[in-house]
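Secondary and tertiary structure notes
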Amino acid sequence: MHMRKPIVVGNWKMNGRQAGVNQLIAGLREAAVGLAGVDMAVCPPVIYVPSALSGLGGSPVKVGAQDVSLHGQDGAYTGEVSAAMLADVGCTYVIVGHSERRALYGETDEQVAIKFANAQREGLCPILCVGETLEEREQGVTESIVAHQLDAVLSKAGIGAFDRALIAYEPVWAIGTGRTATPEQAQDVHAFIRARLASHDAGVASRVRIQYGGSMKPENAAELMAMPDIDGGLIGGASLKVNDFMTICRAAGGGA
């Protein structure tokens, strides 16, 4: 059994309509009752965050957002949502640096570090996503890519910040492609991440929870979670179905 409590977070991405969202929230609320040994959260599109907060209030399932503004202060930033606003409505978590934000919207390591710091300043727990593309994996530069992504946050926020954060390793080549890293491939990178942090502070490194975020499904969750440095999952497609998501949560908690 891990000394670290596993955590499973659902990233709904840009999916959902009000009726379906309400149904999903109600299903999660019911299914999560009495489920021990695992922390759980969902990150809906920001417009459905209030529905999730009201529907899941008092349940073990926390709520987060999928992104946060680079801007720390209120102001003339049309379309933006600040960390202070997310905290104000009751979010617990926020995803920063998701591979889709990096790839589709050109977010840099430095911008991700600013978002991470903004989130923490408002008391939110950032979920820092790191990971390599297929091309980078084939070139053998996975570790240098992940190191650079981590180091940007370390230099901005410091090692102590990782006591109030989560890390999600996303092999970009295994997201939505149907390809999954083998448990051993995932474990290797998780161990590398922990070692990188341990070179700054072994205590922080041993405590930080590192989720796997590359097409984790009910079929492969248990074998991935069995790896010593995999402390949960950041779940995409499977988080849109109550049974799939809860099966993964049970696997993380050590149950069948």
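What comes next concerns the included structure.

Rules used in this analysis
Throughout, a residue's number is its position along its own chain's written sequence, starting from 1. Only residues with pLDDT of 70 or above have their local features reported here, since the model is predicted, and side-chain atom pairs are shown and tallied only from 80 upward, although totals for entire chains, interfaces and linings are computed over all residues. Only hydrogens and water are removed before side-chain values are computed, so all heavy atoms of the structure are retained for them. Lines fitted to the C-alpha atoms define the axes, with helices restricted to the stretch that makes contact. Angles between their N-to-C directions range from 0 to 180 degrees. Segments assigned H or I by DSSP are reported as helices when at least four residues long, segments assigned E as strands when at least two residues long, and all are numbered from the N terminus. Here the word oblique covers every angle except those under 35 degrees (roughly parallel), over 145 (roughly antiparallel) and from 65 to 115 (roughly perpendicular). Left-handed describes a crossing whose near helix is turned anticlockwise from the far helix through less than a right angle; right-handed describes the clockwise counterpart. Only heavy atoms matter for contacts: two residues are in contact if any of them lie within 4.5 Å across the pair. Each residue after the first adds 1.5 Å to the expected span of a helix. Burial classification: accessible surface area is computed with a 1.4 Å probe over protein chains only, and a residue below 20% of its type maximum counts as buried, one above 50% as exposed, and the rest as partly exposed. A positive count includes Lys and Arg, and a negative count includes Asp and Glu. His and the chain ends are not counted in either. The salt bridge criterion pairs a side-chain nitrogen of Lys or Arg with a carboxyl oxygen of Asp or Glu, the two atoms within 4 Å. Each aromatic pair joins two rings of Phe, Tyr and Trp (for Trp, the six-membered one) with centres within 6.5 Å, and gets the label stacked for planes under 30 degrees apart, edge-to-face for over 60, and tilted for any other angle. Here, strands pair whenever DSSP counts at least two bridges between them. Think of it like this: strands point away, you trace from the first strand over the helix to the second, and a clockwise trace means the crossover is right-handed. Think of a 1 Å grid over just the protein atoms. A cavity is a set of points where a 1.4 Å probe fits yet cannot get out, a pocket is an open set with protein on both sides within 12 Å along at least five of seven lines, and lining residues have an atom within 4 Å of a point. Grid points are joined across faces, edges and corners, and a volume is the space filled by probe spheres set on the points. Residues belong to a common nonpolar core when they are buried Ala, Val, Leu, Ile, Met, Phe, Trp, Tyr or Cys residues joined through side-chain atoms within 4.5 Å.

Now for the packing of helix 5 (residues 109-121) against helix 7 (residues 142-157). For the pair helix 5 and helix 7, the least separation of the axes is 9 Å and the interaxial angle reads 45 degrees. When the interaxial angle is binned, helix 5 and helix 7 end up oblique. Where helix 5 crosses over helix 7, the two elements pack in a sense that is right-handed. Residues Asp-109, Glu-110, Ala-113, Ile-114, Phe-116 and Ala-117 of helix 5 touch helix 7, and the partners they reach there are His-148, Gln-149, Ala-152, Val-153, Lys-156 and Ala-157.

Counted at 1.5 Å a residue, the expected span for helix 7 with its 16 residues is 22 Å, and the 23 Å between its end C-alpha atoms agrees. Those residues of helix 7 that sit buried are Thr-142, Val-146, Ala-147, Gln-149, Leu-150, Ala-152, Val-153 and Leu-154. The positive-phi residue at the C-terminal boundary of helix 7 is Gly-158, with phi of around 85 degrees.

Looking now at unusual backbone geometry. A positive phi angle is found at Lys-13, which is not glycine, with a value near 50 degrees. With respect to the secondary-structure elements, Lys-13 resides in the loop between strand 1 (7-11) and helix 1 (18-31).

Turning our eyes to something else, we now look at the side chain of Glu-170. Within the fold, Glu-170 resides in the loop between strand 6 (166-169) and helix 8 (183-198). Salt bridges are absent for the buried Glu-170, whose nearest opposite-charge side chain, Arg-102, sits at 5.9 Å. For Glu-170, the residues in contact, after removing those within four places along its chain, are Gly-97, His-98, Ser-99, Cys-129, Val-130, Gly-131, Glu-132, Ile-175 and Gly-213.

Moving on to the packing of aromatic side chains. This model, assessed by the stated rule, comprises 2 aromatic pairs. On the numbers, 5.5 Å between centres and 40 degrees between planes, the contact of Phe-116 with Phe-162 is tilted. You can see Phe-116 sitting in helix 5 and its partner Phe-162 sitting in the loop between helix 7 and strand 6, a full 46 residues away along the chain. Ring centres 6.3 Å apart and planes at 55 degrees place the aromatic pair Tyr-169 and Tyr-212 in the tilted group. With Tyr-169 in strand 6 and Tyr-212 in strand 7 (residues 209-212), the pair connects residues that are 43 residues apart, well separated along the chain. For the pair formed by Tyr-169 and Tyr-212, the shared burial category is buried.

Another aspect to go through is the pairing of strand 2 (residues 39-43). Along strand 2, 4 of the 5 residues are buried, which leaves the element largely enclosed by surrounding structure. The pairing of strand 1 with strand 2 spans 5 bridges and is classified as parallel. Bridge pairing in strand 2 places Val-8 opposite Met-40. Bridge count between strand 2 and strand 3 (residues 61-65): 3 bridges; the pairing is parallel. When the bridges of strand 3 are listed, Val-42 appears paired with Val-63. Traced from strand 2 through helix 2 (residues 49-56) to strand 3, the parallel crossover comes out right-handed.

The subject of this paragraph is the layout of surface pockets. Taken as a whole, the largest pocket spans an internal volume of roughly 620 Å³. Val-46, Gln-66, Asp-67, Arg-101 and Tyr-105 are the residues nearest the centre of the largest pocket, which is lined by 24 residues in total. For the lining of the largest pocket, the secondary structure elements donating two or more residues are helix 4 (99-105) and helix 5. For the lining of the largest pocket, the element with the highest residue contribution is helix 4, accounting for 4 residues.

Further remarks concern the nonpolar core. Ranked by size, the top nonpolar core spans 70 residues in total, and within it Val-8, Leu-28, Leu-128, Phe-162, Ile-167, Ile-193 and Tyr-212 carry the most contacts. Ranked by the residues each element gives to this core, the list is headed by helix 11 (residues 242-252), at 7 residues. Other than its neighbours up to four places away in sequence, Ile-193 contacts Val-130, Val-146, Leu-150, Ile-167, Tyr-169 and Ile-210. Judged by nonpolar contacts, the second largest core, of 12 residues, contains Ile-7, Tyr-93, Cys-129 and Leu-234.

Another aspect to go through is the environment of Arg-196. Along the chain, the position of Arg-196 falls in helix 8. The class for Arg-196 is partly exposed, based on a relative accessible area of 29%. Separated by 53 residues in sequence, Arg-196 and Glu-143 have C-alpha atoms that sit 9.9 Å apart. Setting aside anything within four residues of it in sequence, one finds Arg-196 in contact with Ala-147, Leu-150 and Asp-151.

Attention now goes to helix 5. An α-helix turns once per 3.6 residues; consequently, residues spaced three or four apart project the same way. If you check helix 5, its first and last C-alpha atoms are 18 Å apart, about what 13 residues at 1.5 Å a residue would give, namely 18 Å. Those residues of helix 5 that fall on the buried side of the exposure criterion are Asp-109, Val-112, Ala-113, Lys-115, Phe-116, Ala-117, Asn-118, Ala-119 and Gln-120. Turning to helix 5, the residues buried within the fold contact helix 3 (83-89), strand 4 (93-96), helix 4, strand 5 (125-130) and helix 7. Backbone geometry just downstream of helix 5 places Gly-123 in the positive-phi region, at approximately 85 degrees.

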